[in-house]
Amino acid sequence: MPDNTAETSALTQRLDECRRRYPESDPAMVADVVRAVLTTMRGDLTAPETSLLHEVEELGQVIANAKAEIEALRVDDISASHIPSATDELDAIVAHTAMATEAILETCEALDGIADRLDAEYAAKLQEATTRIYEACSFQDITGQRITKVVQTLKRIESKVTQIVATFGVAGEMPGGEVDFAVETEAALLNGPQLPSLAMDQSDIDRLLASFD
Amino acid sequence: MAIDKAMNVLIVDDYKTMLRIIRNLLKQIDFNNVDEATDGAEALAKLRSGSFGLVISDWNMQPMTGLQLLQEVRADARLKSMPFIMVTAESKAENVVAARQAGVSNYIVKPFNAETLKEKIEKVLGHA
């Protein structure tokens, strides 16, 4: 069997050079052009060249399929909306657990203050209980670090998705199908807890309700 | 050897909550003179300008990590013998080895309990 390594290497170099010189070119269009040119040369091709042509055609098809699949996934939504939203939610979890932990610690410190006024036996029991609570509160540090790692991973995914979108030149918008308006409207109301920066507090809600009176 | 619980202890962690937890646990075992820093650089400045008998430090902090702080402490003629306990969530063997090679006095993995903290402090100060 003939050794195609040198030819493949040379072709790879040429393709890399083309990619560098024409970064904005649509891979599918390039594949079409190459296919058209090579088709006119079929009669002149050797067996290894024909095999290589077949590989290039298959590669073109793989690229076209990948592009179609990425378009169907609406990957631009992942980097533009889903990941930023997920990281905001995770940041909010860290902030809320930190606030709750601080409140617990404050209460424990108050209990420790009371222990000074109890007899030795009860003071010891109370201190033992507050010690357990202090220990348990260290969860906030651990979960905070774990969530930070998740956020960093999400940001790496976001970066990779952005690269993929740029590489394949995926369009921003895909035509959507018909939607059930009633279902869509209710779904828009079901968002779970709001981020603090977007949420109304109880006094805002009370004022809003009062405005209807 | 009796431990001087009136000594100044510096606790270093970028999580304020963790600082508060450690401060309270130290208070329960009668260490009441506790100062805080939120990264290695702030801690180093406090160590160089103050008089401390023990450092309890987290590892993963910015801009100066706990390991860098430890290295600075061991390289400082006045501070090089300072008892230094690393309290961190980094629990891989290579972390412990690196800390030991840098001269850590003891190493506690988060989450930890009060008994572990007490035991390590007594061990470190007993040998100081």
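The following paragraphs examine the structure supplied in this document. This structure is a prediction, so every number in the text was calculated from the model and none was measured.

In this section: the packing of helix H2 (residues 40-49) of chain B against helix H3 (residues 66-75) of chain B. All names here are of chain B. Where H2 meets H3, the closest approach of the two axes is 9 Å, and the angle between their N-to-C directions is 25°. Considering the angle they form, H2 stands roughly parallel to H3. You can see that H2 and H3 cross each other, and the crossing is right-handed. Contacts from Gly40, Ala43, Leu44, Leu47 and Arg48 in H2 reach Leu69, Glu72 and Val73 in H3. Residues belonging to the contact of H2 with H3 are distributed by class as follows: 5 nonpolar, 1 polar and 2 charged.

The subject of this paragraph is the sheet that holds strand S5 (residues 106-109) of chain B. Residues and elements named next belong to chain B. Across the sheet, which stays open at both edges, the 5 strands sit in the order S2-S1-S3-S4-S5 with parallel pairing between neighbours. One side of each edge strand has no neighbouring strand; the edge strands of this open sheet are strand S2 (34-37) and S5. Neighbour-to-neighbour, the strand axes of this sheet turn through a mean angle of 20°, independent of strand direction. Sitting on the sheet, H3 is in contact with strand S1 (9-12), strand S3 (54-57) and strand S4 (84-88), with an inclination near 175° to S4.

The next subject is the interface of chain B and chain A. Listed per partner, the contact involves 17 residues of chain B and 19 residues of chain A. Where chain B abuts chain A, roughly 1600 Å² becomes buried across the two surfaces, and 51% of that area is made up of carbon and sulfur atoms. On the chain B side of the interface with chain A, the three residues burying the most area are B:Tyr15, B:Arg20 and B:Gln28, jointly 41% of the side's total. Here chain B is connected to chain A by 4 salt bridges. Where A:Glu106 meets B:Arg20, a salt bridge forms, and the shortest distance between an N and an O atom there is 3.9 Å.

Before going further, it helps to examine the packing of H3(B) against helix H4 (residues 93-102) of chain B. Residue and element names in this part refer to chain B. Two numbers describe how H3 lies on H4: the axes approach to 9 Å, and their chain directions differ by 20°. With respect to H4, the element H3 is oriented roughly parallel. Our pair here, H3 against H4, has a crossing hand that is left-handed. Mapping the contact onto sequence places Leu67, Leu70, Gln71 and Arg74 in H3 and Ala98, Ala99 and Ala102 in H4. Along the lines of polarity and charge, the residues of the contact of H3 with H4 split into 5 nonpolar, 1 polar and 1 charged.

Bringing unusual backbone geometry into the picture now. All names here are of chain B. Residue Pro63 is bonded to the preceding Gln62 through a cis peptide linkage, with omega at 0°. Mapped onto the secondary structure, Pro63 falls in the loop between S3 and H3. The backbone of Asp30 sits at a positive phi, close to 75°, despite the residue not being glycine. Mapped onto the elements of the fold, Asp30 is located in the loop between helix H1 (16-28) and S2. Under the relative-accessibility criterion, Asp30 is labelled partly exposed at 47%.

Before going further, it helps to examine the state of the cysteines. Residue and element names in this part refer to chain A. Using the criterion set out here, one finds 0 disulfides over all chains in the structure. Free cysteine: Cys108, not disulfide-bonded; nearest cysteine sulfur from Cys137 at 6.2 Å. Overall, Cys108 belongs to the buried group, its relative accessible area being 2%. Overall, Cys137 belongs to the buried group, its relative accessible area being 3%.

Thresholds, definitions, all that
Here, residues in each chain are numbered from 1, in the same order as that chain's written sequence. To label them, take the chains in the order written and letter them from A, then take the ligands in the order written and number them from 1. Two thresholds apply to this predicted model, a pLDDT of at least 70 for residue-level local features and 80 or more for giving and counting side-chain atom pairs, whereas whole-chain, interface and lining totals are computed over all residues. Processing note: side-chain calculations cover all non-hydrogen atoms of the structure and skip hydrogens and water entirely. Here, axes are lines fitted to C-alpha atoms. For helices the fit covers the stretch in contact, and angles between N-to-C directions go from 0 to 180 degrees. Going along the chain from the N terminus, every DSSP run of H or I of four or more residues is numbered as a helix, and every run of E of two or more is numbered as a strand. Any angle from 65 to 115 degrees is called roughly perpendicular, while one under 35 is roughly parallel, one over 145 is roughly antiparallel, and all others are oblique. In this scheme the crossing of two helices becomes right-handed for a clockwise turn of the near helix relative to the far one and left-handed for an anticlockwise turn of less than a right angle. The criterion used for residue contact is that any of the two residues' heavy atoms lie within 4.5 Å. Gly counts as polar in this scheme, as do all residues outside two lists: the nonpolar Ala, Val, Leu, Ile, Met, Phe, Trp, Tyr, Cys and Pro, and the charged Asp, Glu, Lys and Arg. The criterion for strand pairing is that DSSP finds at least two bridges linking the strands in question. Buried area is understood as the total, over both parts, of accessible area removed when two parts are fitted together, assessed with a 1.4 Å probe. For salt bridges, the criterion is a side-chain nitrogen of Lys or Arg within 4 Å of an Asp or Glu carboxyl oxygen. Relative accessibility thresholds used throughout: buried, under 20% of the residue-type maximum; exposed, over 50%; partly exposed, between the two (1.4 Å probe, protein chains only). Sulfur atoms of two cysteines make up a disulfide when they are within 2.5 Å.

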